[in-house]
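As a plain string of letters, each chain reads:
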Amino acid sequence: MNAINSQSSTFETREFIVADTVVFNKQGTHLTDIQKIVLRGAWQGYTYEEIADREGYSEKYLKRDVGPRLWKILSEALGEKVSKKNFRTALERRLTLANPPHNQQLDMDSCQDWGEAVDVHTFYGRTQELATLQQWIVQDRCPLVALVGMGGIGKTTLSIKLAQQLQSDFKYIVWRSLRHAPPIRELLEEIIYFLSNQQEKDLPETTNGRISLLLKYFRKSPCLLILDGAESILNHDQKDTRYQEEDEEYGRLIKYIGETYHQSCLLLTSREKPKEVAIREGEELPTRSLRLIGLDELEGQYILKGKGIYGSEDDLKKIIQIYGGNPLLLNMVSTTIQNIFDSSASDF
């Protein structure tokens with residue numbers, strides 16, 4: 001399990017994205033989780049038997065059902081015969097066509113600034129959440145979306161995974177962490193500099209002026225801006241959710257993006273809803289929020305098994321229930337089980 005999921009960042013952000021994107025463009029749906037598992041395992045040269053052993057599936061199921069279906073889908077999407085033996089070459093060829101040498105076309109990553117975003121090696125479940133967020137952002141064109149949930153529940157990982165899936169829908173993708181509450185004027189300067197292709201240098205001195213300039217670029221080209229960890233700019237001592245005194249202007253940024261016409265989207269992740277989201281959100285309104293809960297039992301088992309934890313389904317289920325399906329807590333307790341209980345869920 002660990003071997004299959006220890007993917008290189010190159011595969012995750014290039015060939016894997018190519019595979020998922022061409023399939024989505026062809027049939028309107030992304031690769032399923034089990035298809036991604038087979039694709040990753042095959043990329044590293046594993047047989048169906050080895051993938052089945054590491055992931056807890058039936059070899060027969062992978063070899064006779066999932067695998068053939070996956071290669072058929074990729075064949076249709078890529079317009080050539082694809083199999084387990086030649087899919088790497090087919091994807092690399094498509095990547096070369098999409099990114100010709102020299103300056104004939106922008107490189108795949110040239111319009112993306114991931115900041116301090118972590119490399120998402122493994123991702124379990126969240127299929128419905130991804131579909132909902134994609135519906136809101138792409139189909140419903142919501143300018144302001146919040147992803148809310150307790151610490152460790154997976155908001156950051158989900159935001160990165162979502163951005164990877166929406167690369168073909170936005171000219172620019174910018175991911176920034178608010179963990180250390182950067183001054184808003186500095187943050188705006190970075191983003192505007194990037195969106196202007198390093199041309200915008202003499203920025204307005206005021207925050208309002210910089211917000212207006214950002215919105216100008218938001219209207220010019222579709223941009224997905226993700227601000228992760230918005231709880232860092234909020235004051236938790238208040239009965240209602242307010243900003244830290246030095247971060248109050250963030251509220252103005254969020255408000256203007258949610259109210260002003262443009263073709264871009266701001267996705268916030270936070271443990272709490274900023275008031276600009278809470279007072280404007282609604283099922284049929286342009287501002288919406290999604291509260292993230294723990295993983296279900298099957299998804300939780302992927303994490304435990306991926307860390308090498310073994311035991312009966314009942315024992316694994318109890319651990320997942322105790323920790324509320326929280327991915328961070330499940331990873332932490334897995335380390336304890338490994339070190340103290342020799343990876344045995346039953347002994348734990």
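Rules behind the numbers
Each chain carries its own residue numbering, running from 1 in the written order of its sequence. The predicted origin of the model limits local features to residues at a pLDDT of at least 70 and limits the giving and counting of side-chain atom pairs to 80 or more, whereas totals for whole chains, interfaces and linings rest on all residues. In computing side-chain values, all of the structure's heavy atoms are included and hydrogens and water are not. Helix axes are fitted to C-alpha atoms over the stretch in contact, other axes to C-alpha atoms as well, and angles between N-to-C directions run from 0 to 180 degrees. Helix and strand definitions here come from DSSP, where helices need a minimum of 4 consecutive H or I residues and strands a minimum of 2 consecutive E residues; each element is numbered from the N-terminal end. Reported orientations rely on four angle classes, namely roughly parallel under 35 degrees, roughly antiparallel over 145, roughly perpendicular from 65 to 115, and oblique for the rest. Put simply, a crossing is left-handed when the front helix is turned counterclockwise from the back one by less than a right angle, and right-handed when it is turned clockwise. The contact criterion used is simple: two residues touch if any of their non-hydrogen atoms lie within 4.5 Å. Each patch is assembled from residues with relative accessible area greater than 30% and no salt bridge, linking like charges that lie within 9 Å and nonpolar side chains (Val, Leu, Ile, Met, Phe, Trp, Tyr) that lie within 5 Å. Here, Shrake-Rupley sampling with a 1.4 Å probe gives the accessible areas, and only protein chains in the shown set may cover a residue. Salt bridges are defined as contacts in which a side-chain nitrogen from Lys or Arg sits within 4 Å of a carboxyl oxygen from Asp or Glu. Each Phe, Tyr or Trp ring (for Trp, its six-membered ring) is paired with any other whose centre lies within 6.5 Å, and the angle between the two planes then decides the class: stacked below 30 degrees, edge-to-face above 60, tilted in between. For the exposure calls, accessible area comes from a 1.4 Å probe over protein chains only, and a residue counts as buried if that area is under 20% of its type's maximum, exposed if over 50%, partly exposed in between. Our definition puts a charge over a ring when NZ of Lys or CZ of Arg is within 6 Å of the ring centre and also within 35 degrees of the ring normal.

A. Fine view of the packing of helix 3 (residues 33-43) against helix 4 (residues 48-55). Remark: helix 3 packs on helix 4, axes separated minimally by 10 Å, with the N-to-C direction vectors making an angle of 125°. Comparing the axis directions of helix 3 and helix 4 gives the class oblique. For the crossing formed where helix 3 meets helix 4, the hand is right-handed. When helix 3 is examined against helix 4, the residues Ile37, Val38, Gly41 and Ala42 are found in contact with a partner set consisting of Tyr48, Ile51 and Glu55.

B. Representation of a nonpolar patch on the surface in the model. On the surface, Leu328, Leu329 and Met332 cluster together into a nonpolar patch covering about 270 Å² of accessible area. Among the secondary structure elements, Leu328 is positioned in helix 15 (residues 327-341).

C. Molecular detail of the packing of aromatic side chains. On inspection of all chains with the given rule, the structure shows 5 aromatic pairs. Seen in terms of ring centroids, Trp43 and Phe87 are 6.0 Å apart; in terms of plane orientation they differ by 65°. Their pairing is edge-to-face. Placement of the pair is Trp43 in helix 3 and Phe87 in helix 6 (residues 87-98), with a sequence separation of 44 residues. Between Phe341 and Phe348, the aromatic rings sit 5.6 Å apart at their centres with planes inclined by 80°, giving edge-to-face as the arrangement. Accessibility expressed as a relative area gives 25% for Phe341, which makes it partly exposed. Aromatic ring contacts, followed pair by pair, group Trp43, Trp71 and Phe87 into a single cluster. Geometry around Tyr48 places Lys84 over its ring, the cationic atom sitting 5.4 Å from the centre. Here Lys216 stacks its cationic end above the ring of Tyr217, 5.5 Å away from the centre of that ring.

Without other data, these values stay purely geometric and don't point to any function.
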